[in-house]
Structures are given as C-alpha cells and as structure tokens.
Amino acid sequence: MKVRIDEARCEGHGRCYATAPVLFEPDDIGNGHVIGDGAVPPELEHQARLAVANCPEQAITIEETS
Amino acid sequence: MGHHDAVTDWQTDFDHTDDVWAADPYPIWEELREKCPVAHTERYGGVWLPTRYDDVSAIAYDTEKFTSRSIVVSEFRPPAMLAPAGIAPPISSDPPYHHDARRMLLPIFSPQAVDKLEPSTRAYCDELIAAMQGRDVVDAAVDYAQHIPVRVIANMLGLPESDADVFRGFVNHVLEGVALPIEQRVDGMIALFGYLEGHIKDHMENPRDDLISFLLDSELEGQKLDPFQVGRTIALLLIAGIDTTWSAIGASIWHLAKTPADRERLVNEPELLPVAMEELLRAYAPVTMARLVKEDMEWNGCPMKADDWVLLPFPSANRDPNEFDDADKVIIDREINRHAAFGLGIHRCAGSHLARMELRVALEVWLEAFPRFELADPDAVKWSGGQVRGPRVLPVRVTG
C-alpha cells in the first residue's frame, strides 16, 4: 500500500499528520506531505485509511500494491 | 439580538440572530435539510441559507460565482472598491490576490509555530483555574474560556493583554451587532480601526518581535504593506481568533458537563482527547461563514441576485446524515470524521492549528483540575447568536 497527497487539493487542515504522524508531516505552511516514498507498512494500513477518511478536502489517495 | 422581529417561518423569513436560533439551531437546520435545503430571507437585503453538506461545500469551493468580499452578514455590504483585498484580508479576498496574502500568514500559524505557544497557553489556563479555587460554581464561559484566546492572540499580535475588555467589545460588535442599523455598525468599525491605528503607529516607531511588526515588514505584490492593510489583517486575526475559540472551548465544557459518561471517559483516557475534540468540533462547530453572490444567476434552482448574501453554516453541514453516520449523536471516539468546522477550500481557517492547540490545552487543564463537574443551572446557559455560536453564560458546579 502507498499513500499520495494531491497538493492542489490540500488546504493544510493537518488531519493526516495528526492521524498518521509516521506517514505524513507538515511543511512550513501546515500543508501535509508524504514522508519518504509513501509506502505504508502493514501495521500502519489502518492509520493510512483513517487519514484518507478524515481529510476534509479528500486530497489523499491510497494505491494498493501487492 | 432582539433588533429584528421574531421569526415565524424559517424557510422564507429566517434570521440567524433570532433568539430561537441562538438557543438551539439544530432542529431548525434538520427541518430545512429535509424540506427546504436552500432557505431564503428578505432580511439583511436578501440572504440564502444552504443547509446540506453538499451545497455548503459546493459554494465554499466556488470562488467564481461567490465572492468573499464580505463574510459577516449584516445590513452593510462592504463596497466593491475594497477588492481585491476586501475589508479584512485574506478572509475577505478572492483569487488571485488571496493566495499570496494568505501564504504570508500561514507560517505564523503552522503547527510548528503553534507548538511554541503551548507552554504559555497552559500557564494562562493554570492561572485561570488557580483564580477559581474555593468556589463551588464557576462560569466556564466567563471565568475560563473567554480569557484564553484573548491572551494568546493579544500576545501574538503585540497588543496589551490589559485591553482584553476592549477587544471583546469590538468582537462582540462585529459578530453579534449585525442587526444594528448601518450608522451604528460603521461607528463600531471606525472605533476598531482607530484603536488599531494607534498601536500600529507605535509599532512603526518601536518595532518588536510580534505579528504587527512582522506584517509592517512584509511585502505583497512587491510592495511593503501599508499601515491600513496591516490594520485590516490585524482586525481579522483579532476578530477571528477570539469568539471562535472561546465558543469551541465553552461548547466542549458544556457537553462534558451534561454528559457524565463522556466526561468520565476523558478523565480516565486522556489520550482520547484529540479524537474526542474533533467530534466536539464537528457536533458544535461554532462558525458559520458567508459569501456574496457575484452576479445574477440561477443556482440549484434558486434565483440568486448580485450582492445577495449566502450563509455557509458549517455546523449544519456537520450534522448532515448523508455525510455522517448518526450525525446527531456525539460519539467521542468517532474515528471517521471528515467535518468542516474550519471550513473547506482556499479559506480554510488559517488559525485552525492554533485553535486546536488552545482547545486541547484548555480541556486538558480543565479536566485535570475538575475531574467531576456538572451544569449548575441548565436553564441559565446562554448562547451567542449570529455567525459564531458558543455559550456566553455557562455556570458549572465544579465540586462533584
């Protein structure tokens, strides 16, 4: 599983890095960024899905790899 | 409040300053969402009221058909000549001006910058609690919630904390005096900008490490901000930073005071607070924004005219059963919570990280000091009307 943020949609609510701080981090204006290449370890898959479900701008997507 | 006739028909003659709306707007919105999803009133020269999540968000995103030139509904529409900045940039600005005006402010309100303000915020909260020692009943709105954002924002801006009553007077006028005649509205605005002008002059002569000096030193479109622009942005931060957070803190304490199971759970599981807070923000979102219609048009079957107001009740969107399961229930461990308490789109509340920090610290300190508390007199609780809703009188018994 991989996470991705659509930067054009992100408005910096910060729900992703609050929900899944190992997967996302804020930049200097509070917009969310994926840490590293966005690969999600199995134990963080639930957090990744919560980040998607809690983003008010629906800016986060999950790509299922296998 | 009380400047207009009481409302008898919410579909065709609503008024968001009506006492019934202030006391409990949720049943009104619920009925409108079902029966009349975009209500209208002739008051204030014409206002539309979408109540469903989808409509509120569609308008929030549509900066082409709706302008932010004014975001507080009253009898007074700020003149178009104030564009592109608007009366209080960047909340009153449209694209493209909006982008850079907002970008300039965001680093000051980033999560990293807000973290640094946490220790002083906690110290204020501790002081307020200490001052309540020995009392059985305290007013959680008057003695606690209202002071926290005033002190935080005054320090950030570089305005004297001792002027707290003056700030609250301005805020009250701008947000709750919306039904006043135009002359009184304008007098209040002149007083606010006169007050800020004095402090801005002083900062020009004696720069210091605060937000007023930062803005005086900032550039937009290749030019230094002039003192009037600085004043308008400071007015925004003052007004937007106080009533809103005060309301969120007060509404959260009100909920916990009347819901012992939730209060006990948070006392026993303080680590749940960040998730619980999001639910309290969803269920009791304080802020309703507004837009003006740019040009005559039909929108979702509504004949909208240029300069009609449109209210954006995010608190109603947050209770829409098409968007949230059990939308009317407060579920403090709700995991999936895509609420819009801080707005949607390019005008997302710039201070949301600051507001969340203040709310979390205020609740942590309160729950630690008062693990048992309850409403001392539920009928005495009073809520503000208008576009920012929160408890303004909230007597709580703190000796369980």
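All values reported here derive from a predicted model rather than from experimental measurement. Sequence order as written defines the numbering, with residues in each chain counted from 1. Chains carry letters and ligands carry numbers; both start at the beginning, A for chains and 1 for ligands, and go up in the order they are written. Only residues with pLDDT of at least 70 get local features here, since the model is predicted, and only at 80 or more are side-chain atom pairs given and counted; chain-wide, interface and lining totals rely on the full set of residues.

The helix count covers DSSP runs of H or I at least four residues long, the strand count covers runs of E at least two residues long, and both are numbered beginning at the N terminus. Counting its secondary structure elements, chain B contains 16 helices and 14 strands. A radius of gyration in this sense is built from C-alpha atoms; the matching globule rule multiplies 2.2 Å by the number of residues raised to 0.38. A globule of 400 residues ought to have a C-alpha radius of gyration of about 21 Å, and chain B, at 21 Å, matches this closely. The principal-axis extent of the C-alpha atoms belonging to chain B is close to 60 × 55 × 40 Å. As a rule, residues whose C-beta atom has 12 or fewer other C-beta atoms within 10 Å are exposed, those with 20 or more are buried, and those in between are partly exposed; C-beta atoms are placed from the backbone. In chain B, buried positions account for 49% of the 400 residues. Placing a C-beta atom from the backbone of each residue, one calls two residues in contact when those atoms lie within 7 Å. Expressed as a percentage of contacts within chain B between residues at least 6 apart in sequence, the contacts between residues at least 24 apart total 69%.

So, about the overall build of chain A. For chain A, the count of helices and strands is two helices and four strands. What you see for chain A is a C-alpha radius of gyration of 10 Å, in line with the 11 Å of a compact globule of 66 residues. Considered along the principal axes of its C-alpha atoms, chain A spans approximately 35 × 20 × 15 Å. Counting every position in chain A, which comprises 66 residues, the buried fraction comes to 39%.

A few words now on the confidence of the model for chain B. In the predicted model, chain B carries a mean pLDDT of 95, and the fraction of residues at 70 or more is 99%. Across the predicted assembly, pTM comes out at 0.96 and ipTM at 0.97. You can read pLDDT as the predictor saying how much it trusts each residue, on a scale of 0 to 100.

It is worth spelling out the sheet that holds strand 3 (residues 66–67) of chain B at this point. Residues and elements named next belong to chain B. Pairing between two strands is assigned when DSSP locates at least 2 bridges connecting them. Strand order in this open sheet of five strands is 1-2-10-7-3, and the pairing throughout is mixed. Pairing within the sheet leaves two strands with one partner each, and these edge strands are strand 1 (38–41) and strand 3. Here, axes are lines fitted to C-alpha atoms. For helices the fit covers the stretch in contact, and angles between N-to-C directions go from 0 to 180 degrees. Each of strand 1, strand 2 (47–50), strand 3, strand 7 (289–293) and strand 10 (309–312) is contacted by helix 3 (residues 53–61), which is oriented at about 120° to strand 10, the strand it contacts most.

Here we come to the interface of chain A and chain B. Contacts between the two partners involve 15 residues from chain A and, on the opposite side, 21 residues from chain B. Looking at which element gives the most residues to the side of chain A that touches chain B, the answer is helix 2 (residues 45–54) of chain A, with three residues.

Residue and element names in this part refer to chain B. Residues of strand 1 alternate between two faces, with A39 and T41 buried on one and V38 and H40 left unburied on the opposite face. Bridge count between strand 1 and strand 2: four bridges; the pairing is antiparallel. Residue H40 lies in a different strand from strand 2, and its bridge partner there is W48.

With that settled, consider helix 9 (residues 164–176) of chain B. A helix's residues, less one, multiplied by 1.5 Å, set its expected span. The end-to-end C-alpha separation of helix 9 of chain B is 17 Å, in line with the 18 Å expected for 13 residues at 1.5 Å each. Each element contacted by the buried residues of helix 9 of chain B is listed here: helix 8 (147–157), helix 10 (182–205) and helix 12 (227–258) of chain B.

Moving on: the nonpolar core. Generally speaking, soluble globular proteins have nonpolar side chains that are buried together. When buried Ala, Val, Leu, Ile, Met, Phe, Trp, Tyr and Cys residues are joined through C-beta atoms within 7 Å, the set is termed a nonpolar core. Formed by 113 residues in total, the largest nonpolar core has its most connected members in L157, L238, I253 and A362 of chain B. With 17 residues, the single largest contributor to this core is helix 12 of chain B. With residues near it in sequence (within four places) discarded, L238 of chain B still touches I153, L157, F167 and F170 of chain B. Grouped together as the second largest cluster of nonpolar side chains are 15 residues, Y17, F24, V40 and V52 of chain A included.

What follows concerns unusual backbone geometry. Residue P90 of chain B follows P89 of chain B across a cis peptide bond; omega there is 5°. With respect to the helices, strands and loops of the structure, P90 of chain B is situated in the loop between strand 3 and helix 4 (97–105). Residues P95 of chain B and P96 of chain B are joined by a peptide bond in cis, for which omega reads 0°. Even without a glycine there, the phi angle at Q58 of chain A is positive, about 50°. Relative to the helices and strands, Q58 of chain A is located in the loop between helix 2 and strand 4 (60–63). Positioned with a positive phi, Y44 of chain B is a non-glycine residue whose angle comes to about 60°.

Below, the discussion takes up the packing of helix 14 (residues 273–283) of chain B against helix 16 (residues 352–369) of chain B. All names here are of chain B. Between helix 14 and helix 16, the least distance of the axes is 11 Å, while the angle of their chain directions is 115°. Between helix 14 and helix 16, the angle falls in the class roughly perpendicular. With respect to the hand of their crossing, helix 14 and helix 16 are arranged in right-handed fashion. Between helix 14 and helix 16, the residues in contact are L273, P274 and M277 and R356, L359, R360, L363 and E364, respectively. Under the convention adopted here, Pro, Cys and the residues Ala, Val, Leu, Ile, Met, Phe, Trp and Tyr are nonpolar, Asp, Glu, Lys and Arg are charged, and Gly plus all remaining residues are polar. Here the residues of the contact of helix 14 with helix 16 are counted per class, giving five nonpolar, no polar and three charged. Any angle that falls under 35 degrees is termed roughly parallel, while one over 145 is termed roughly antiparallel, one within 65 to 115 roughly perpendicular, and all others oblique. The handedness criterion is simple: a crossing whose near helix is rotated anticlockwise from the far helix by less than a right angle is left-handed, and one whose near helix is rotated clockwise is right-handed.

To continue, consider the environment of G46 of chain B. Residues and elements named next belong to chain B. The topology assignment puts G46 in the loop between strand 1 and strand 2. Classification of G46 by C-beta neighbours within 10 Å gives partly exposed; the count is 15. Put simply, G46 and A362 are 316 residues apart on the chain and 39 Å apart in space, counted from C-alpha to C-alpha. Excluding its chain neighbours within four sequence positions, the residues that come into contact with G46 are K305, D308 and W309.

Quick look at the pairing of strand 7 of chain B now. Consecutive residues of a regular strand have side chains that alternate between opposite faces of the sheet. Residues and elements named next belong to chain B. Within strand 7, four of the five residues are buried, which leaves the element mostly enclosed by the surrounding structure. Relative to strand 7, strand 3 runs antiparallel, the two being bridged by two bridges. Opposite T67, over in strand 7, you have L292 as the bridge partner. Note: strand 7 against strand 10, four bridges, orientation antiparallel. If you follow A290 over to strand 10, its bridge partner there is L311.

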